[in-house]
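Chains, contacts and geometry: an overview
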Amino acid sequence: MPKKFFITTAIDYPNSRPHIGTAFEKIGADVQARYRRMEGCDVHFLMGNDENTIKVSRKATELKRAPKEYCDDMANQFKEVWRALDISFDDFIQTSEPRHHVGCQKFIQKVFDNGHIYKGHYEGLYCDGCEGFKTEKEVKEAGGVCPDHRVAPVLRKEPCYFFALSKFQDKLLSFYEQHPDFIQPESRRNEIVTLVKSELRDVNITRLGQEWGIKVPFDPEFTIYVWFDALLNYITAVGYGTLAGCASDGEPNPSLARLANEADFATWWPADIHFIGKDITRFHCALWPAMCFAAGIEPPRSVFGHGFVYIKKDDASAAEKISKSLGNVIEPMEIITKFSSDGFRYYFMRECPFPGDGEFSWERFAAVYNSDLGKNLGNLLSRVTTLIINNFDSVLPGTAGQMPTPIAADLAETVRQVQAHMQACQYNSALEKIWRQILDPANQYAEKNEPWKLVKTDKDAAKPILFNLSEPLRIAAILLKPVLVRSSATIYGSFNFTQPWEKVRYADVCTRPTQAEDLRVIATLDARGKVPPLFPVIK
RNA sequence: GGCGGGGUAGCUCAGUUGGUCAGAGCAGCGGCUUCAUAAGCCGCGUGUCGCCGGUUCAAAUCCGGCCCCCGCUACCA
């Protein structure tokens, strides 16, 4: 029975379209999902949008649309971008969906029944733009206005419900101790441990008198507020609180039989890894496990707080945070349509260490794309295939039943290291290894043996050289499969390799089966009679 | 203010327990080559390893002080 692996990403606010920063997270999560699938795991990859906020309903009103309709439209736009980026999500939850509402209400009721929610009141400076209370300090420092929205907050006092987070301090600390890998990277872990050790305040989890949102079941005057709603998407999406084949009101409905339900929840939960931005680690690493304790469910296995992508202008000025007000937002679609999904994915995975921050500039993008993808990898495929096509009519006779001689040294060790890096989400290191250990030696091998010369003097001698050169292409295709979704398949599919592409695993790198038939270039050729360039160089 | 992480070639960064550790990639320069996407290969870096002092036969690598940068967090207010 395959090991289950449940991966999530943060759910996004749909009041603006996704930018490359949000895409960075999805790509990193997708690489992990694809890697785990390759390694035989039964993966469930969840993404979604966070829709129950006042901003959403406000924006919808502005556009004279119903909130739900607006959310659905935005969700489609998000999914369109994610699909274009080849993000292989299995499910996309919108928190306005019935399954989320039902599960949320079950959850909060459960926590209430367990005695971890109490009624109180809260008074503070409230900013509508933030949908939240600001501390006096924040407001004062910004000169009497909200630092984010530059409007004066209003004093507001209202009854509300609190979640007794403070009660879970000891339990959280011992949980961190028992699960040293719960928070990654380690620097984030240290921050959270320090935070939880110092102070945990009970958190306000409701809002009064709002239409859009999820009603508090034990007091419908209130709606559930932000985190107590948003975090729950991870469990409601896989069926928490939903009975098999029942509508949201609990009435049996056969047409819903295939929806996630409690049995699915038991299958998938706990999540193996939540991918989130480093700015929301405290909610995922302190509040969320405490909520799980309070409701009597297991907390997630791990949380990975990735870094941010900053925009670097090509004029060498300092990198900027991505922000609409700075007008530096780059739409993922812009990169995808100009170049390719694989180019986008490669740049971010290679250039931006996932645990830390990275930068994007068009100049840098072009440099990395050209040198790594175009000149190094793409060109290797071109030169090898062209030699076989032009000199052997696409077939290397006598290679059936043969094994190529390895070019790279310590292949098994390289694979082991790449695997370790993939598992640790150190994608940049994994990719660097592949280039240095597999692709560089291949180009060097070609140069040293000069098959283009041999072909004119001694074809039989050229044959094994070309056969051997197919091997690093096969290996690179397999190792790169989680990252270069399309081009890895193109590379692999350029030859009649014995194993089916859908089934290859990292372990197959070292145990290539003997070539069943003579090695043949089976790629579709372009007008020149050559394999089309994989990554056309950017001028 | 406290805690944590950093400051290494033009750029991005590797450097495990102190002793070929002064490195890689990119960019740049020179040469070779022409199968290939004007692609490839080879060669070239005297860099105060942030600053100062200390320990040691030996420190980028340990200790102390200082200066910057980043993250989390606090307080004054």
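Residues numbered from 1 in each chain as written. Chains lettered and ligands numbered in written order. Predicted model: local features only at pLDDT ≥ 70, side-chain atom pairs only at ≥ 80, totals over all residues. Heavy atoms only, no water.

1. Examining the overall build of chain A
Which entries qualify depends on this criterion: Only DSSP runs of H or I reaching four residues or more are called helices, and only runs of E reaching two or more are called strands; each is numbered from the N terminus. With C-alpha atoms as the basis for the radius of gyration, the globule rule is written as 2.2 Å multiplied by the number of residues raised to the power 0.38. Here's how the labels work: a residue is buried when its accessible area is under 20% of the maximum for its type, exposed when over 50%, partly exposed in between, all with a 1.4 Å probe on protein chains only. Between two residues, a contact is recorded if the distance between any of their heavy atoms is within 4.5 Å. Under the convention used here, a 1.4 Å probe and the Shrake-Rupley method define accessible areas, while residue burial counts only the protein chains that appear. The charge count includes Lys and Arg as positive and Asp and Glu as negative, but it does not include His or the ends of the chains. By convention, the charge on Lys lies at NZ, on Arg at CZ, on Asp at CG and on Glu at CD.
Within chain A, the secondary structure is distributed over 19 helices and 17 strands. Computed over the C-alpha atoms, the radius of gyration of chain A is 27 Å, within 12% of the 24 Å expected from 2.2 N^0.38 for a compact globule of 539 residues. Summarising its shape, the C-alpha atoms of chain A cover approximately 90 × 55 × 45 Å along the three principal directions. Burial status across chain A gives 56% buried among its 539 residues. Within chain A, counting contacts between residues at least 6 apart in sequence, those at least 24 apart form 75% of the total. When the accessible surface of chain A is split by element, carbon and sulfur atoms take 50% of a total near 23,400 Å². Positive and negative charge centroids in chain A, built from 65 and 69 side chains respectively, lie 2 Å apart.

2. With respect to the protein's contact with RNA strand B
Where we set the bar: Working definition: residue near molecule or strand if any one of its non-hydrogen atoms lies within 4 Å of it. Contacts described as polar in this section are N or O atom pairs within 3.5 Å, which, within protein, must combine one atom able to donate a hydrogen with one able to accept it, while residues neighboring in sequence count only if both atoms come from side chains.
The environment of RNA strand B is made up of 28 residues, and the closest members are Arg282, Gly378, Asn379, Arg383 and Arg528. Atoms of RNA strand B within 4 Å of the protein belong to the sugar or the phosphate in 71% of instances, the rest to bases. Residue Glu447 places a side-chain N or O atom 2.7 Å away from a sugar or linking oxygen belonging to RNA strand B. Here a phosphate oxygen of RNA strand B sits 3.3 Å away from a polar atom, N or O, in the side chain of Lys456.

3. Topic: the sheet that holds strand 2 (residues 42-49)
Where we set the bar: For two strands to count as paired, DSSP must find a minimum of two bridges between them. Think of each axis as a best-fit line through the C-alpha atoms, taken over the contacting stretch in the case of a helix, with angles from 0 to 180 degrees between the N-to-C directions.
Read across the sheet, 6 strands follow the order 3-2-1-11-12-7 without closing on themselves; strand pairing throughout is parallel. Lying at the two open borders of the sheet, with one neighbouring strand each, are strand 3 (91-94) and strand 7 (183-184). Judged from the 4 bridges that link them, strand 2 and strand 3 form a sheet pairing that is parallel. Bridge pairing links Gly48 to Ile93 in strand 3. Packing against the sheet, helix 3 (residues 67-84) makes contact with strand 2 and strand 3, and its axis sits at approximately 155° to strand 3. Its contacts with the sheet put helix 11 (residues 281-295) on strand 7, strand 11 (273-277) and strand 12 (303-306), and the angle it makes with strand 11 is roughly 140°.

4. Considerations on helix 11
Test applied: The span expected for a helix works out to 1.5 Å for each residue beyond the first. Working definition for bend: take the seven residues up to and ending at a residue and the seven starting at it, fit an axis to each, and measure the angle between the axes.
For helix 11, built from 15 residues, the straight-helix expectation of 21 Å at 1.5 Å per residue is met to within 8% by its first-to-last C-alpha distance of 20 Å. At Leu287, helix 11 shows its maximal kink, close to 30°; a proline, Pro289, follows between one and four residues later. Of all 15 residues making up helix 11, 13 are buried, and the element is well covered by its neighbours. Gly296 occupies a position one or two residues after helix 11 and carries a positive phi of about 75°.

5. A short note on the packing of aromatic side chains
Quick note on the threshold: Aromatic rings from Phe, Tyr and Trp, with only the six-membered ring used for Trp, were paired whenever their centres fell within 6.5 Å, and each pair was classed as stacked if the ring planes differed by under 30 degrees, edge-to-face if by over 60, and tilted otherwise. Charge-over-ring placement is defined geometrically: NZ (Lys) or CZ (Arg) within 6 Å of the ring centre, and within 35 degrees of the ring normal.
Using the criterion set out here, one finds 46 aromatic pairs in the structure. Ring centres of Tyr35 and Tyr506 lie 5.1 Å apart, and the angle between their planes is 75°; this geometry places the pair in the edge-to-face category. Here the residue Tyr35 occupies a position in helix 1 (residues 20-38), and Tyr506 occupies one in the loop between helix 19 (485-492) and strand 17 (519-520), the gap between them amounting to 471 residues. Residue Tyr35 is classed as buried on the basis of its relative accessible area of 1%. When the ring of Phe163 is compared with that of Phe168, the centres are 5.7 Å apart and the planes differ by 20°; the resulting orientation is stacked. For Phe168, a relative accessible area of 7% puts it in the buried group. Cation over ring: Lys55 sits above Tyr13, and NZ or CZ is 5.6 Å from the ring centre.

6. Structural notes on the pattern of salt bridges
Our working definition: Only one rule defines a salt bridge in this text: a Lys or Arg side-chain nitrogen within 4 Å of an Asp or Glu carboxyl oxygen.
Taken as a whole, this structure holds 27 salt bridges when the rule is applied. The shortest N-O distance in the salt bridge between Arg364 and Glu351 comes to 2.9 Å. Separated by 13 residues along the polypeptide, Arg364 in helix 14 (residues 362-392) and Glu351 in helix 13 (residues 341-351) bring together distant segments of the chain. For Arg364, a relative accessible area of 40% gives the class partly exposed. Note that Glu413 is salt-bridged to Arg416, the shortest N-O span being 2.9 Å. Of this pair, Glu413 and Arg416 both sit in helix 15 (residues 411-423), separated by 3 residues, roughly a single helical turn. One salt-bridge network, in which partners are shared between bridges, spans Lys4, Asp272 and Arg301.

7. Regarding the pairing of strand 11
Heads up, the rule is: By convention, orient the strands away from the viewer: a clockwise path from the first strand over the helix to the second makes the crossover right-handed.
Most of strand 11 sits out of view: 5 of its 5 residues are buried. Burial along strand 11 is two-sided: the face carrying Ile273, Phe275 and Gly277 and the face carrying His274 and Ile276 are both buried. For strand 1 (residues 4-9) and strand 11, the ladder comprises 3 bridges, and the chain directions are parallel. Counterpart to Ile7 in the pairing with strand 11 is Ile273. Pairing of strand 11 with strand 12, which is carried by 4 bridges, proceeds in the parallel orientation. Paired with His274 across the two strands is Val303, which belongs to strand 12. As for the winding sense of the linkage, the β-α-β connection from strand 11 through helix 11 to strand 12 is right-handed.

8. Things to note about empty space enclosed by the protein
For the record, the criterion: Points on a 1 Å grid over protein atoms alone make up a cavity when a 1.4 Å probe fits among them but cannot get out, and a pocket when they form an open set with protein on both sides within 12 Å along at least five of seven lines; lining residues each have an atom within 4 Å of a point. Grid points are joined across faces, edges and corners, and a volume is the space filled by probe spheres set on the points. Classification convention: Asp, Glu, Lys, Arg as charged; Ala, Val, Leu, Ile, Met, Phe, Trp, Tyr, Cys, Pro as nonpolar; all other residues, Gly among them, as polar.
All chains considered together, the criterion is met by 2 cavities of 30 Å³ or more. Approximately 50 Å³ is the volume attributed to the second largest cavity. Of the residues in the lining of the second largest cavity, the class split is 7 nonpolar, no polar and 1 charged.

9. Thoughts on the nonpolar core
Selection criterion: Throughout, nonpolar core names a set of buried Ala, Val, Leu, Ile, Met, Phe, Trp, Tyr and Cys residues whose side chains join them through atoms within 4.5 Å.
Ile20, Trp82, Phe348 and Met349 are the most contacted members of the largest nonpolar core, which has 108 residues in total. In contact with Trp82, other than residues within four places in its own chain, are Asp12, Pro18, Thr22, Ala23, Lys26, Met47, Ile87, Phe89 and Phe92. Grouped together as the second largest cluster of nonpolar side chains are 56 residues, Ala10, Phe107, Val193 and Ala230 included.

10. Focus on the sheet that holds strand 13 (residues 309-311)
Pairing within the open sheet is mixed, and its 3 strands lie in the order 14-13-15. Edge positions in the open sheet fall to strand 14 (320-321) and strand 15 (358-360), since each of these has one partner strand only. The pairing of strand 13 with strand 14 spans 2 bridges and is classified as antiparallel. Within the sheet, the bridge partner assigned to Ile311 lies in strand 14 and is Glu320.

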